Amino acid sequence: MARYDRAITVFSPDGHLFQVEYALEAVRKGNAAVGVRGTDNVVLGVEKKSTAKLQDSRSVRKIVNLDNHIALACAGLKADARVLINRARVECQSHRLTVEDPVTVEYITRYIAGLQQKYTQSGGVRPFGLSTLIVGFDPYTGTPSLYQTDPSGTFSAWKANATGRNSNSIREFLEKNYKEVSGQETIKLAIRALLEVVESGGKNIEVAVMTKEEGLRQLEEAEIDAIVAEIEAEKAAAEAAKKAPPKET
Amino acid sequence: MKLDTSGLESFSTLTAPGDDVAGEFSAPPSFQLPNSNDFDGFVKEAIQMVKPAKGTTTLAFIFKHGVIVAADSRASMGGYISSQSVKKIIEINPYMLGTMAGGAADCQFWHRNLGIKCRLHELANKRRISVTGASKLLANILYSYRGMGLSVGTMIAGWDETGPGLYYVDSEGGRLKGNRFSVGSGSPYAYGVLDSGYRYDLSVEEAVELGRRAIYHATFRDGASGGVVSVYHVGPEGWKKWTGDDVGDLHYQYFPVVPSTVEQEMAEATGA
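Description of the structure in this document.

About the thresholds
Residues numbered from 1 in each chain as written. Chains lettered and ligands numbered in written order. Predicted model: local features only at pLDDT ≥ 70, side-chain atom pairs only at ≥ 80, totals over all residues. Heavy atoms only, no water. Helix = DSSP H or I, 4+ residues; strand = E, 2+ residues; numbered from the N terminus. Rg over C-alpha atoms; globule rule 2.2 N^0.38 Å. Buried < 20%, exposed > 50% of the residue type's maximum accessible area, 1.4 Å probe, protein only. Contact = heavy atoms within 4.5 Å. Core = buried A, V, L, I, M, F, W, Y, C linked by side-chain atoms within 4.5 Å. Salt bridge = Lys/Arg side-chain N within 4 Å of Asp/Glu carboxyl O.

**A word on the overall build of chain A**
Then comes step 1: Scanning chain A from terminus to terminus reveals 6 helices and 10 strands.
Then comes step 2: By the compact-globule yardstick of 18 Å for 249 residues, chain A fits well, its C-alpha radius of gyration being 20 Å.
Then comes step 3: With respect to the principal axes defined by its C-alpha atoms, chain A has extents near 70 × 50 × 45 Å.
Then comes step 4: A burial count over chain A gives 47% of its 249 residues as buried.

**A few points about the side chain of B:His233**
Then comes step 1: If you trace the backbone, B:His233 turns up in strand 11 (residues 228-235).
Then comes step 2: The residues touching B:His233, leaving out its near neighbours within four places in the chain, are B:Phe63, B:His65, B:Gly66, B:Val67, B:Ile68, B:Val204, B:Gly238, B:Trp239, B:Lys240 and B:Trp242.

**A few points about the nonpolar core**
Residues and elements named next belong to chain A.
Then comes step 1: By size, the foremost hydrophobic cluster in this structure holds 26 residues, and its most contacted members are Val34, Ile170, Leu174, Ile187, Ile191, Ile205 and Val207.
Then comes step 2: Looking at this core, the elements that each hand over two or more residues are strand 1 (33-37), strand 8 (160-163), helix 4 (167-177), helix 5 (184-195), strand 9 (205-211) and helix 6 (221-243).
Then comes step 3: Element by element, the count of residues in this core is highest for helix 5, at 7 residues.
Then comes step 4: Those residues in contact with Val34 that sit more than four places away from it in its chain are Val43, Leu44, Gly45, Leu133, Asn161, Ala162, Ile170, Leu174, Ala190, Ala193 and Leu194.

**Thoughts on the pattern of salt bridges**
Then comes step 1: Taken as a whole, this structure holds 25 salt bridges over all chains when the rule is applied.
Then comes step 2: Notably, a salt bridge pairs A:Glu234 with A:Lys188, separated by 2.8 Å at the nearest N-O pair. Of the two residues, A:Glu234 is situated in helix 6 and A:Lys188 in helix 5; the sequence distance between them amounts to 46 residues.
Then comes step 3: Accessibility expressed as a relative area gives 10% for A:Lys188, which makes it buried.
Then comes step 4: Across the pair B:Lys88 and B:Asp72 runs a salt bridge, and its minimum N-O distance is 3.1 Å. Here B:Asp72 lies in the loop between strand 2 (66-71) and strand 3 (75-77) and B:Lys88 lies in the loop between strand 4 (80-83) and strand 5 (89-93), a separation of 16 residues in the sequence.
Then comes step 5: B:Asp72 gets classed as buried once you look at its relative accessible area, which sits at 1%.
Then comes step 6: Overlapping salt bridges, with partners in common, bring together A:Glu185, A:Lys188, A:Glu230 and A:Glu234 in one network.

Structure representation (structure tokens):
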């Protein structure tokens, strides 16, 4: 097996591209990221390792804009992310220049996935070690979308998804609790999902909401803390209701 | 901009238009300069050959119910009428039309190339390309060939999600959005009739008649325009060809001959 995992362009006898699979491992070690699609907005949430005291937290934004109506969060190698994001931003503008129209979410996802795939089929390069969650609004129909790409270059649309550390637990939670909601409820659902694997507190979560009118809005720490407090209160109430059956019968 | 030579793969090409300019130009798949001592003079001569060949009249205008596209059908090479039955309105796809003015080969080839690109866009993006996008694709290609002798003065007309669209694109790389355009040597005459008869809320029949009349008047006065008037209408369902009338017949339709009495004739002759 060791002979088939050096070069990216070599298949193993049982049909694996080991470098791509190792890239997926790198993703699994990255920060958790979650995306939830609502009826009128899409929410991205990312686990944030607590910033060092001397570090300027504003320079480590994990959720970025690709265009006015498209945003991206990722899990994995952040340096690779920077390169991919820059190429995607250029492509968004290039598309506006050649056809005088903003990109659709599907188009830019296809572009990013295509880029990731190219690096699995070239000599002398390694794959990008990240999976992305891409959210946005279709400029024509106004519907929100959430897409995910991975190092192999595949992509698909999701109602809600997670990637990075402990993404399986988050996805399980989402499968059990997902409902098509809107507005504040979508934000709450995303944060609840993230809290399954992250210590609670605004310091450890970065959340951003994309709406059709306002574009991308990063939530302030205080706002996140308030919502977290709400969620904790609801959880506590649910626990209490379970333990003490209602006496009003 | 990178040269888009993808469409030229299987063709042998000449660098300059004008078939009857003497020369043994080898035609490999890439652009080669012709073997002449005075290249600048040669290029100037080639351009002069093409200039009178924008002998045509085409027009298009947007109105309430869509876009009307009309054109004549005469092709001329200098003073020689080479054809009276040229199709100058090119069907790019079922909801977009292009008009031909300038070099016939250039217009036909690049419109077909544009049709290919539009179809590929549809397949990749699961939605039709907008008229804006299609005209921009063509304009970008023509701009990359700027100064190399292409002669294209075309209008892209179509109906997309934002409604009717009309763009004028030429081989200088220009691209204009507008409501009324006329291109070709007969365009001043067509503009006269078009501009004075235009109203936004024409019915489809009235608009077709206006287009037909404008082209007829241009063919009447301009020697390089003639043949048959074709009028197309582009609506929300796509384009539809409405008329294809010979301008000779139209002339006698608009100005029927009134027989005059013999006395009158003789009086006119002596008075002259």
